[in-house]
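This is what each chain is made of:
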Amino acid sequence: GGTRGISFVETDAESLPFQDSSFDSYSISFGIRNVSDIDKCLQEAHRVLRRGGHFCCLEFSQVNSEVLRQIYDLYSMNVIPYIGAAYAGDAASYQYLVESIRKFPNQADFAGIIERNGFKHVRYESLFDGVVAIHSGFKL
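The structure presented is a predicted model; accordingly, all values stated were derived computationally and were not measured.

About the thresholds
Residues numbered from 1 in each chain as written. Predicted model: local features only at pLDDT ≥ 70, side-chain atom pairs only at ≥ 80, totals over all residues. Heavy atoms only, no water. Helix = DSSP H or I, 4+ residues; strand = E, 2+ residues; numbered from the N terminus. Axes fitted to C-alpha atoms, helices over the stretch in contact; angles between N-to-C directions. Parallel < 35°, antiparallel > 145°, perpendicular 65-115°, else oblique. Contact = heavy atoms within 4.5 Å. Nonpolar A, V, L, I, M, F, W, Y, C, P; charged D, E, K, R; others polar. Pairing = 2+ DSSP bridges. Core = buried A, V, L, I, M, F, W, Y, C linked by side-chain atoms within 4.5 Å. Buried < 20%, exposed > 50% of the residue type's maximum accessible area, 1.4 Å probe, protein only.

Asks: Looking at this structure, how should I read unusual backbone geometry?
Replies: Most peptide bonds take the trans form, and the phi angle of most residues other than glycine is negative. For Phe 30, which is not glycine, the phi torsion reads 55 degrees and is therefore positive. Positionally, Phe 30 belongs in the loop between β1 (23-29) and α1 (38-48). In this structure, Phe 128 is a non-glycine residue whose phi angle is positive, near 55 degrees. Among the structural elements, Phe 128 can be located in the loop between β3 (120-127) and β4 (132-138).

Asks: Explain the packing of helix α2 (residues 66-78) against helix α4 (residues 91-103) here, please?
Replies: The axes of two packed helices give the description: the angle between them and the distance between them. Look at α2 against α4: their axes get within 9 Å of each other, and the N-to-C directions meet at 150 degrees. Viewed along their axes, α2 and α4 adopt a mutual orientation that is roughly antiparallel. Across the interface between the two elements, Tyr 72, Asp 73, Ser 76 and Met 77 of α2 pack against Gln 95, Val 98, Ile 101 and Arg 102 of α4. For the contact of α2 with α4, the per-class residue count stands at four nonpolar, two polar and two charged.

Asks: Would you mind showing me how to read the sheet that holds strand β2 (residues 49-60) here?
Replies: Each strand in a sheet pairs with another by means of backbone hydrogen bonds, the pair being arranged parallel or else antiparallel. Across the sheet, four strands lie side by side as β1-β2-β4-β3; this open sheet has mixed pairing. Single-partner strands in this sheet number two, and they are β1 and β3. Going across the sheet, the axis of each strand differs from the next one's by a mean of 10 degrees, ignoring polarity. With six bridges connecting them, β1 and β2 associate as parallel partners. Counted as the bridge partner of Ser 29 is Leu 58 from β2.

Asks: Hey, could you run me through the pairing of β3 in this one?
Replies: The side chains of a regular strand alternate between the sheet's two faces. Both β3 and β4 contribute to a ladder of six bridges, which runs antiparallel. Bridged to Ser 126 within β4 is Ala 133. Between the antiparallel neighbours β3 and β4 lie four residues, among them Phe 128 with a positive phi of about 55 degrees.

Asks: I keep staring at the nonpolar core and nothing clicks. Help me out?
Replies: Nonpolar side chains in soluble globular proteins tend to be buried together. Judged by nonpolar contacts, the single largest core of 21 residues is most densely connected at Tyr 26, Ile 32, Ile 38, Leu 42, Phe 55 and Phe 110. The dominant element in this core, judged by the number of residues it contributes, is α1, at five residues. Not counting chain neighbours up to four residues away, the residues in contact with Tyr 26 comprise Ala 13, Leu 16, Cys 41, Ala 45, Val 48, Leu 49, His 54, Phe 55 and Cys 56. Formed by six residues, the second largest nonpolar core is a distinct cluster that contains Val 63, Tyr 72, Ile 101 and Val 132.

Asks: When you look at the environment of Phe 60 in this model, what are you seeing that I'm missing?
Replies: Positionally, Phe 60 belongs in strand β2. Separated by 31 residues in the primary sequence, Phe 60 and Ser 29 have C-alpha atoms spaced 9.1 Å apart. The residues touching Phe 60, leaving out its near neighbours within four places in the chain, are Phe 30, Arg 33, Tyr 72, Leu 97, Ile 101, Phe 104, Val 131 and Val 132.

So, in structure tokens, the structure goes:
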């Protein structure tokens, strides 16, 4: 099938159970915002990548447009928790989602954090005017 040679592992992103320089690529989506120590997570990603390995992160980010940011803030603070309560019976988790997005560094600051943890040629692309962003870099 399409997953030949791929294994899925649920583990702590801050303490990966893999040998140094084991992977060509490391990707994380909507997860790095939830780790206790972002630097430690990035250091682990760097450790397990081979030289020339690619790091890629998709995460909620900071909206670029002031008008869209105000609309998004109203929506996220006033609608998302209620949806969580109505459909999942759990408003608190959805409130956490909103708060964790607000506390996460903006695109440029997160790029700097990635660089500080050893990655080179770090770049990012904002999608949907910054609602989410893709950050990438290389272990050289």
